[in-house]
Every structure is written in structure tokens, then in C-alpha cells.
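Results of the structural survey
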Amino acid sequence: MASVATATQSNLAHAAPDQPAKGTVVLRGVTKRFGETIAVDSVDLTVPGGSYVVLLGPSGCGKTTLLRMIGGHERIDAGEFLLDGVNTNDVPPARRDISTVFQHYGLFPHKSVRDNVEFGLKMRGQSKEARRKRADEALAFLDLTAYADRKPRQLSGGQQQRVALARALVTEPTVLLLDEPLGDLDRLLQLRMRVELRALQRRLRITFIHVTHNQEEALAIADQIVVMQDGRIQQVGRPQEVYTRPANLFTSGFMGDNNVMPGRVSATEDGQVWIEADGLTLLARHAGLSLGQAMHASVRASAIVAQPMTAEGVAAPDDGPNQATATLVFLEYLGDVVKLHCRLANGQMMTAKQAERERSWSGLAEGEPVRLSWGIDDVQLLLG
Ligand code: ATP
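Scoring rules and cut-offs
Residues numbered from 1 in each chain as written. Predicted model: local features only at pLDDT ≥ 70, side-chain atom pairs only at ≥ 80, totals over all residues. Heavy atoms only, no water. Near = heavy atom within 4 Å. Polar contact = N/O pair within 3.5 Å; in protein donor to acceptor, adjacent residues only side chain to side chain. Areas by Shrake-Rupley, 256 points an atom, 1.4 Å probe, with all protein chains shown as cover. Helix = DSSP H or I, 4+ residues; strand = E, 2+ residues; numbered from the N terminus. Nonpolar A, V, L, I, M, F, W, Y, C, P; charged D, E, K, R; others polar. Pairing = 2+ DSSP bridges. Axes fitted to C-alpha atoms, helices over the stretch in contact; angles between N-to-C directions. Domains from an automatic or database assignment. Contact = heavy atoms within 4.5 Å. Buried area = accessible area lost by both parts, 1.4 Å probe. Salt bridge = Lys/Arg side-chain N within 4 Å of Asp/Glu carboxyl O. pLDDT = per-residue confidence, 0-100.

**Section: the site of the ligand**
Around the ligand, a shell composed of Phe-34, Thr-37, Ala-39, Pro-58, Ser-59, Gly-60, Cys-61, Gly-62, Lys-63, Thr-64 and Thr-65 is seen. At 2.6 Å from an oxygen atom of the ligand is found a side-chain nitrogen or oxygen belonging to Thr-64. Expressed as a share of its isolated accessible area of 630 Å², the protein-covered part of the ligand is 58%. If you list the elements that add at least two residues to the shell around the ligand, you get strand 2 (37-47) and helix 1 (63-71). Counting residues per element, the shell around the ligand draws most heavily on helix 1, at three residues. When grouped by side-chain class, the residues that make up the shell around the ligand number four nonpolar, six polar and one charged.

This is how it looks when you write it as C-alpha cells:
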């Protein structure tokens, strides 16, 4: 199968590289209530035209509701939605320059693939001849020509997803909304399709807003990740920013593999702070904190070096901050990486993650003592 990145040229690839990208989405104080539930709570967000933005958060955080308001499938209770500077709150879905790929695709089971793709054009009142021509171009663009006369149930999950994409793109939107687009696919197809979605967005140069609860998918695909919880935005940033510099306790916990512990400032000096966290001493870079101030400290699992106590150069147990003696409780072999679940003297668990190929973990055994250490720049303080 040819990938969407190499499919034949068609008028779908309409944006010239030197044109300013359209499809800028601005949300100001956007709110949605369902009875007592505030699904989306006064959200402010700017999505630059031509960017790939992922709304990421746990089930029920309001990401689908936000997407549906942008698509016009849910009414905005309060606030303002601007598309390329124009208030679009009350514009019906078919009159917005926006298309949606719905969760589970929402294809019409009794219509052929071609009729499914033509549907959006029919809604826009296009002639049969014009519809046919553009639908066939969209099918060719997504490498689906051979399946045009089949019914959706005669296609694989990946093919159905491409039909949903063709149906959404045939109207040449400036914004494409994707609600959990990879959720129905097996893992290998997910990995392939996320590369293809990214390539498709780069090629079309339109705005993609993609909803998922999958952190890895968001990190892999997004220009900007919008982390949501309880109807509110917790953090907006590039994948590397959100992963390495979580803004608060929620993001730090949600992005996974962070060791988060409550602590208090015990000393400060020249932009460095010492944190006491239940028997552990952490040293971090931070200015402007006061003695006794409470916060959470976060250390990424992949930043922690785990060594056998007998290894050369391993420091004495009470030798300075950013290290601990622990017991290796469980060694989790995951292929590319190995996770080491360790119990500290204070009873808390700490997880270290090492690349499988480094093999430094191979001298460690479950039930044996292990020395954990990390650097000053690996300690992130969460004040919010
Ligand atoms: P998921 O990943 O499970 O789809 P989500 O983050 O997309 O979750 P939403 O579907 O936006 O979350 O739901 C946000 C909140 O609004 C939830 O508490 C949900 O129960 C509620 N909600 C959503 N749609 C409706 C509705 N039509 N009627 C009542 N409550 C709703």
C-alpha cells in the first residue's frame, strides 16, 4: 500500500508553501455545561493555522466536548470561538471550513465508499458530476480508488479510517478535527497511521486538532500538546516541554514515569535549593523560594541511574543529595527499555528506567540493594 505521503498529487494538496496558513483557531473563555457538569470550563487557547495540535487528557476531561464545539456539533454556552479572526459560534457545521473525523469513523454502512466520500459535498449542494470528480480525487489521494465501490464493512479498520479521512478532506477544510482517530486500530497500525497523519498534515498545511488520552501518541505527533483535566487546560507546550518540564502536579503525574514526592525547602543558596522529602534530600536549581516552602519535586524515571551497591564509584549511602539506597523489588523488561521498581528506606517506591542496550541493569537482581542517583537538572519543582 502506498502511504498518504506518497499518494498521487491532487487538488487536495492545495496550499502553496509560501501562502500564510489558514485555519487559526482562537478560543476565549469557552464554556460548556451539561446540567450540573461543567464539561469545558472557560478555556482560552490559540491554535496557529497549519499546526498539529493534540488535546490530551484522561477520560471525561472535556476534550471531545471542546472538539465538538469547534466543529459546531455542540453549542458554546459562554465564550467566543474565532476562526481566522471571525466569530464562528453560531455558524452551522456545514458552513464552517472545518471537517471532523469522528470516533469510530461514523461511516454510513449502506453507502459505498465513494458515496460516503461524496456525502459532505452533497450537503453543500454540489452537482452530481462535480461531486463524483472530487470524491474520486480524494479517494486517489488516500490510495482508496480500488475500494470505491465497496461497503465500509468490506474494508479493514485502517482502510475505513482512510475513508473517513477522505470524506473529511474532500470539502477542503482549513481545520480538520480528529476524535481519537487511532483508537480502533491495532498497535502496529496505530504506529504507522500516526506517521501518516503527520505526513498528511505537513502536506496539506491545514490545522489538525486531534483528541487522545494516549500520552505517547500525543508526544509523537503534535507540534503543540494541550493537556486538559476537569474541563480546564493544565499546560500547553511542545512535546519536549510538556514531557521534560511538566507545569504542575497533574501534568507530571499524567505524562507518566515521573517520580513525584512532596517536600519542603530546607536550604537555599545561589539559585539552588535543598528539598527534604521524607528522608530524601534533593538538590534543584530554583531561585526565589523561601525556607520551609512546601512543593512537590519530580524526577523522571529515565533520568535515574541505578547501580549495584558494589559497582565501582558508587558513593557511600549518606554522601550528598540526589541519591538514595533502595531495594530492587521488580525488574520490568519491556524490550527497548527496562523499568526498575525500587523501594526506598522510607517505604516509598521510586522507578528508574534504562535503555535495554546500556545493559547497566544486568548486574541488578530483585531483592538486592541498589544505588539510585540523578542530576541537579533532573529535579523539577512543581509549585502549582
Ligand atoms: P473520553 O476520552 O472518555 O471521550 P473526554 O475527555 O472526551 O472523555 P467529554 O466526552 O468531553 O470528555 O466529557 C466531559 C464531561 O462532560 C464528562 O463528565 C461527560 O460525562 C460530560 N458529558 C459529555 N457529553 C455529555 C452529554 N451529551 N450530556 C451530559 N454530559 C455529557
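After presenting the structure, the write-up continues.
**Let's talk about the sheet that holds strand 12 (residues 272-277)**
If you walk across this open sheet you meet the five strands as 13-12-11-14-20, and the pairing is antiparallel. Looking at which strands have only one partner, the edges of the open sheet turn out to be strand 13 (280-285) and strand 20 (379-382). Sheet twist, expressed as the mean angle between neighbouring strand axes with direction ignored, is 45°. For strand 14 (residues 294-300) and strand 20, the ladder comprises four bridges, and the chain directions are antiparallel.

**Considerations on the domain arrangement of the chain**
Taken as a whole, the chain is organised into domain 1 (4-249) and domain 2 (259-383). Look at where the C-alpha atoms of domain 1 and domain 2 centre, and you get two points 40 Å apart. Listed per partner, the contact involves seven residues of domain 1 and eight residues of domain 2. For the domain 1 and domain 2 pair, buried surface summed over both sides reaches about 640 Å², with 51% attributable to carbon and sulfur atoms. The interface formed by domain 1 and domain 2 includes zero salt bridges. Our enumeration of links across domain 1 and domain 2 arrives at two residue pairs in polar contact (both at pLDDT 80 or more).

**A few points about the confidence of the model for the chain**
On average, residues of the chain score 89 in pLDDT, and 92% of them reach the 70 mark or higher. Within the model, pLDDT remains below 50 along residues 1-11, and this stretch shows 24 contacts once partners closer than five positions in the same chain are excluded.

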